[in-house]
Amino acid sequence: MVNIIVELSKYLIIVIIIMYTYLCFTIFGYHDAEKKRKMLRRQNVLMFMLQLIAFIVLYLEMNDIKVAGFYLAQMILFALTILLYTHIYPKVSRLVVNNMCMLLCIGLIMLTRLSYEKAVKQFVIASCAIALSLVIPIIIRKAGFLSEWRRFYAIVGLISLGVVAVLGQVSYGARLGFTIAGISIQPSELVKIVFVFYVAASFKASREFKNVVITTVIAAVHVLILVASTDLGAALIIFVVYLIMLYVATRQPLYMAAGLAAGSGAAVVAYYLFGHVRTRVVAWKDPFACYDNGGYQVAQSLFAIGTGGWLGMGLCQGQPDKIPVAAEDFIFSAIAEELGIVFAMCLILICLSCYVMFLNIAMQLRSQFYKLVALGLGTCYIFQVFLTIGGVTKFIPSTGVTLPLVSYGGSSLLSTLIMFAIIQGLYILREDEEETIERKKREQQQLRIERSRKQRTKEAGAKAVKPSGTESGEKKRQAPGKEKARPKQRVR
């Protein structure tokens, strides 16, 4: 009986995720607010259905009552997140909220399958981060001085990375952060957000060549400190984000070409300078040829994806725990093995719909500073998704970065939820701008109507005065006529 439920659940989960993904993109084609609300509510229903089915299977396979309690806690968290966001901020982007909850839901389902302890830790961090993120949109909306803190952003970013480079603990060959009271803290995840604000504030102040050079030097120092810490994934993300923001701010293809040339040269230097980079490149070329010398992880990832096929093995039916650090770096492979390539492709499309929404907000914002912030955060998010999925599928060498909102990792989860909250604040700002524009249009229209009404009243008054004046004039003209009509007296 359990096998039948597991097999049926596999197909139900795939149908649900396809329907959810379809709504993510079709909603852009509707302008009616009521239809959009219905589609967004349908997404919520689909998410809770997927979560229920997945946890029924997990409970049957793991046979642990704690799984049922954990499901209830998650359901309450997601319901509260949706309700609080929509009631505190009526202008919030419901699509971004829905996608955020769906990605968290998928991540917690897979983490529960891989490690219940890690799933619980992830849930606690997510709860605290969501509570923090509820405050951020109002800060973005009210704080008009954020674009003036350029030096502050640069100092905070450089000091944070410098402390990690000197005192940070080594993990997988890189100095990533610290462990305090059993909690791992990775400052580079939060520095990415601070760096985006620095670049946006700098280009908002000036886009002259001198300021571009200064900003580029400070950005290069960020990257070099990360390279010295051998945190090459974060260094690559910051480099690409800066390059995109530089091009959008200046519209100079020469800067883009120079940046690409410098990045290519730096990649070659890193290959000869760092042994673990060479190992990852060799594993990327042929993981099976160096199976026992660095290629084991990528090879197991490819085995998992191939074993899952299009429809997957079903929850708890595969062997994703054989992939090293599957919960952190290779969770996409675990998802593809047990839930199928179709499900994995829908996951990619959900991430892509978030990026489309970020770009949509960036294009419609009027402030250059906030426009660059939205663009930078969106690029940071989607490029990290690309690095993660590209690494586990052997499309590019593995970089060791996590899949945002899905992989296990407290700092990554916190920084991504802060990104989403900042984007929500910018979306509310955009809605405020549109509301202001509409109000001004209504005021101008009302003013034109009032002027037109006064003009018509004036003309009507003039017409009402004109007949009386004509009548008196006629009387005046008739008076001399009567005198002329008198008979002339003959002179005798």
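Given the structure is predicted, the values throughout are model-derived calculations rather than measurements. (Residues numbered from 1 in each chain as written. Predicted model: local features only at pLDDT ≥ 70, side-chain atom pairs only at ≥ 80, totals over all residues. Heavy atoms only, no water.)

## Notes on the side chain of Ser93
So, step 1. Mapping Ser93 onto the fold places it in the loop between helix H3 (65-88) and helix H4 (94-114).
So, step 2. In contact with Ser93, other than residues within four places in its own chain, are Met357, Gln424 and Tyr427. (Helix = DSSP H or I, 4+ residues; strand = E, 2+ residues; numbered from the N terminus. Contact = heavy atoms within 4.5 Å.)

## Topic: the packing of helix H1 (residues 2-26) against H4
So, step 1. Following both chains from N to C, one finds H1 and H4 inclined at 155°, their axes separated by 11 Å at the closest point. Overall, the two elements H1 and H4 adopt an arrangement that is roughly antiparallel. Read as a crossing pair, H1 and H4 show a hand that is left-handed. Of the residues in H4, those in contact with Ile17, Tyr20 and Cys24 of H1 are Leu95, Asn98, Asn99, Met102 and Ile106. (Axes fitted to C-alpha atoms, helices over the stretch in contact; angles between N-to-C directions. Parallel < 35°, antiparallel > 145°, perpendicular 65-115°, else oblique. Left-handed = near helix turned anticlockwise from the far one by under 90°.)

## What to know about unusual backbone geometry
So, step 1. The phi dihedral of Asn63 falls on the positive side, at around 55°, and the residue is not glycine.
So, step 2. When you line up the elements, Asn63 lands in the loop between helix H2 (33-62) and H3.

## Some words on the packing of aromatic side chains
So, step 1. Tallying each qualifying case throughout the model produces 20 aromatic pairs.
So, step 2. Taking the centre distance of 5.7 Å and the plane angle of 40° together, the rings of Phe55 and Tyr71 count as tilted. Here Tyr71 lies in helix H3 and Phe55 lies in helix H2, a separation of 16 residues in the sequence. The pair Phe55 / Tyr71 is uniform in exposure class, with both members buried.
So, step 3. Feature note: the residues Phe145, Trp149, Phe152, Tyr153, Phe197, Phe369 and Tyr370 constitute an aromatic cluster, connected by ring pairs. (Phe/Tyr/Trp six-rings, centres within 6.5 Å; stacked < 30°, edge-to-face > 60°. Buried < 20%, exposed > 50% of the residue type's maximum accessible area, 1.4 Å probe, protein only.)

## Section: the confidence of the model for the protein
Note that predicted coordinates carrying low pLDDT should not be read in detail.
So, step 1. Summarising the model, the protein shows a mean pLDDT of 86, and 91% of its residues fall at 70 or more.
So, step 2. pLDDT under 50 marks residues 481-492. Its contacts with residues more than four places away, or in other chains, come to zero contacts. (pLDDT = per-residue confidence, 0-100.)

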